[in-house]
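Take a look at the letters that make up each chain.
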Amino acid sequence: MAEKRLILLEKKFERDDDLKREYVRVMAEYLEKGYSRELHEDELSAESDRTWYLPHFAVHNPNKPGKFRLVFDAAAKVDGCSLNSALSSGPDQCQPLPAVLMKFRQRGIGVRADIVEMFHQVMMRESDQAAQRFLWRANPDEPIKEYAMAVMTFGATCSPCSAQYVKNSNALEFTERFPEAVSAILNNHYVDDLVHSFTCECDALRILPEIVWIHKRAGFDLTRFVSNSRLVNQRFNDDAEKPKVFSLDKEAGTFQKVLGMCWDTGKDALRFATAIDKIDRNLLNGMAKCHHVYLRSVRPSSRMFLGSQANLATDLEEAGRVGRRDTSGSRSSLEKMGGDARRFGQPQRSAMLQHLVHGRSSGTAHICRRQ
């Protein structure tokens, strides 16, 4: 199975030179960093009941053009069995995403950072590496060689729980020395993302170095800091590590990704962004069909919601056509409607979402932007 998947991948390389070039680079980087290793002759002959060969593939991130994440397909089955079927996912140790975002909006100084290649910083026992073998060759003319991943992989069902366990266990060793930093690591992390807020810049400049130091004790490198404080940005980012800034449509502003949402660090507001020309036409058509088929069988309030979604689908599709035709700098029809996710579904929006979108708590019952 793994060999067939490799041959299919090589056929894909024939149609995409850029993919092949990047794939070869990533594989070479894995060997250089010690994430993977080539198997010796004695290891090849010493197979055990844990021996398993993983196919691999690339997953592209639309926010990072030209780059991809290498995923090992632990869900691939042979005779009805896969590696994931033999693994336990373990308990979910991640903090609830709404809770992380709510706490992120509590204090005046917001900070986001992430651990670089978190899964790959956790080593596997040598006896377990046999279950993470894979096949690879940079050129179809070369013989296929066998390798093993020496670290946790993207795709294994146990990786998220194991990584969280290592991160938390390491932090707990420093509870007495750095209580505030340990609390931030335990309660204000979502997988590899630190999403935290501080009362003032002094607290941020005091606690963040402690968080970074604690992570380094476990081999985790916390980088790419983003904050609404210029002082924090300058202190924790050199020129090489500053995150990329991207614009939202034609509206001026500085936006950063925070757990899938866009954070306007200038206005200190969270918002949603959608690339109109990337919306699947089939999705829009499906929304409209669902509206017509189920309209008679739902409650009046649900009819209103479905109707608004069907109208929104039509508006988005039209905005996509106008936006693609308009190259003169004029505003698209969606922008004329507001261009903001807050424009739609206003009656149905919860108080929590209002709090997330409109700003940090001001210490009063009224939800408003931080003073």
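As shown above, the structure is provided for reference.
Residues numbered from 1 in each chain as written. Predicted model: local features only at pLDDT ≥ 70, side-chain atom pairs only at ≥ 80, totals over all residues. Heavy atoms only, no water.

Peer 1: Could you give me a rundown of the overall build of the protein, with the residues and numbers involved?
Peer 2: Helices and strands together make up the secondary structure of the protein, namely twelve helices and 13 strands. Evaluated residue by residue, the protein yields a buried proportion of 39% over its 371 residues. Partitioning the intrachain contacts of the protein with sequence separation of at least 6 by distance along the chain shows that 67% fall at a separation of at least 24. Taken as a whole, the protein presents about 20900 Å² of accessible surface, with 52% of it coming from carbon and sulfur. (Helix = DSSP H or I, 4+ residues; strand = E, 2+ residues; numbered from the N terminus. Buried < 20%, exposed > 50% of the residue type's maximum accessible area, 1.4 Å probe, protein only. Contact = heavy atoms within 4.5 Å. Areas by Shrake-Rupley, 256 points an atom, 1.4 Å probe, with all protein chains shown as cover.)

Peer 1: Explain the side chain of Arg133 residue by residue, including any values.
Peer 2: Assignment of secondary structure puts Arg133 in strand β5 (residues 133-136). Residue classification places Arg133 among the buried residues on the basis of a relative accessible area of 4%. A distance of 3.0 Å separates polar atoms of two side chains, one belonging to Arg133 and the other to Tyr53. Apart from residues no more than four positions distant in its own chain, Arg133 is found in contact with Leu39, Glu43, Leu44, Ala46, Glu47, Thr51, Trp52, Tyr53, Leu54, Glu146, Tyr147 and Ala148. (Polar contact = N/O pair within 3.5 Å; in protein donor to acceptor, adjacent residues only side chain to side chain.)

Peer 1: So what's going on with the pairing of strand β12 (residues 261-264)? Which residues, and what values?
Peer 2: On β12, burial covers both faces: Met261 and Trp263 on one face and Cys262 and Asp264 on the other are all buried. In the sheet, β12 pairs with strand β13 (residues 269-271) via three bridges, with the strands oriented antiparallel. By the bridge assignment for β13, Asp264 is matched with Ala269. (Pairing = 2+ DSSP bridges.)

Peer 1: Just give me the short version of the sheet that holds strand β4 (residues 109-115), but keep the residues and values in it.
Peer 2: Backbone hydrogen bonds hold the strands of a sheet together, and the pairing may be parallel or antiparallel. What the four strands build is an open sheet, ordered β7-β8-β4-β9; its pairing is antiparallel. Each of the sheet's edge strands pairs with one partner strand only, and the pair in question is β7 (189-190) and β9 (222-227). Relative to strand β8 (residues 193-198), β7 runs antiparallel, the two being bridged by two bridges. In the sheet register, His189 faces β8, and the bridge partner there is Leu194.

Peer 1: For the pattern of salt bridges, give the residues involved together with the corresponding values.
Peer 2: This structure, assessed with the given rule, holds 17 salt bridges. In this structure, the salt-bridge partner of Lys33 is Glu117, at a minimum N-O distance of 3.4 Å. Taken together, the residues span a long stretch of sequence, with Lys33 in helix α2 (residues 17-33) and Glu117 in the loop between β4 and β5 at a distance of 84 residues. Note on Glu117: relative accessible area 27%, which makes it partly exposed. Salt bridges sharing common partners tie together Glu22, Arg25, Glu29, Lys33 and Glu117. (Salt bridge = Lys/Arg side-chain N within 4 Å of Asp/Glu carboxyl O.)

Peer 1: With reference to specific residues and values, describe the packing of helix α5 (residues 159-172) against helix α7 (residues 201-217).
Peer 2: The geometry of α5 relative to α7 is characterised by a closest axis approach of 9 Å and an angle of 115° between their N-to-C directions. Relative to α7, the element α5 lies roughly perpendicular. The element α5 and its partner α7 pack so that their crossing is right-handed. On α7, the residues touching Lys167, Asn170 and Ala171 of α5 are Ile214, His215 and Arg217. Here the residues of the contact of α5 with α7 sort into two nonpolar, two polar and two charged. (Axes fitted to C-alpha atoms, helices over the stretch in contact; angles between N-to-C directions. Parallel < 35°, antiparallel > 145°, perpendicular 65-115°, else oblique. Left-handed = near helix turned anticlockwise from the far one by under 90°. Nonpolar A, V, L, I, M, F, W, Y, C, P; charged D, E, K, R; others polar.)

Peer 1: Would you mind going over the packing of aromatic side chains in detail, with residue names and values included?
Peer 2: Within a pair of aromatic rings, the relevant descriptors are the distance that separates the centres and the angle that separates the planes. Under the counting rule described, the total for this entry stands at eleven aromatic pairs. A centroid spacing of 5.5 Å and a plane angle of 75° characterise the contact between Tyr30 and Tyr35, whose relative ring orientation is edge-to-face. Judged by relative accessible area, which is 5%, Tyr30 ranks as buried. Among the residues examined, Tyr35 registers a relative accessible area of 8% and is labelled buried. Cation over ring: Arg69 sits above Phe154, and NZ or CZ is 4.1 Å from the ring centre. Here Arg217 stacks its cationic end above the ring of Trp213, 4.4 Å away from the centre of that ring. (Phe/Tyr/Trp six-rings, centres within 6.5 Å; stacked < 30°, edge-to-face > 60°. Lys NZ or Arg CZ within 6 Å of the ring centre and 35° of its normal.)

Peer 1: Outline the sheet that holds β5, listing residues and values.
Peer 2: Taken in spatial order, the three strands make up an open sheet running β1-β6-β5, and their pairing is antiparallel. In this open sheet, the two strands that pair with only one neighbour each are β1 (36-38) and β5. Ignoring which end each strand starts from, the neighbouring axes of this sheet average 35° apart.

Peer 1: Can you lay out the nonpolar core for me, pointing to particular residues and giving the numbers?
Peer 2: One finds Leu208, Ile211, Ile214, Leu222, Phe225 and Val232 to be the most contacted residues of the largest nonpolar core, which totals 32 residues. When residues of this core are traced back to their parent elements, those giving at least two are β4, α5, α6 (179-187), β8, α7, β9 and α8 (230-236). Residue contacts for Ile214: discarding those within four places in its chain leaves Asn170, Ala171, Phe174, Phe178, Ala181, Val182 and Ile185. Residues Val26, Tyr35, Phe68 and Phe72 belong to the second largest nonpolar core, which totals 24 residues. (Core = buried A, V, L, I, M, F, W, Y, C linked by side-chain atoms within 4.5 Å.)

Peer 1: Could you give an account of the state of the cysteines, naming the residues involved and the relevant values?
Peer 2: Evaluated as defined, the whole model comprises zero disulfides. Looking at the unpaired Cys161, the closest cysteine sulfur is the one in Cys158, lying at 8.2 Å. Since its relative accessible area comes to 13%, Cys161 is described here as buried. Here Cys200 stays free of any disulfide, with the sulfur of Cys202 as its closest cysteine sulfur at 4.8 Å. (Disulfide = S-S within 2.5 Å.)

By themselves, these observations are geometric and do not establish any function.
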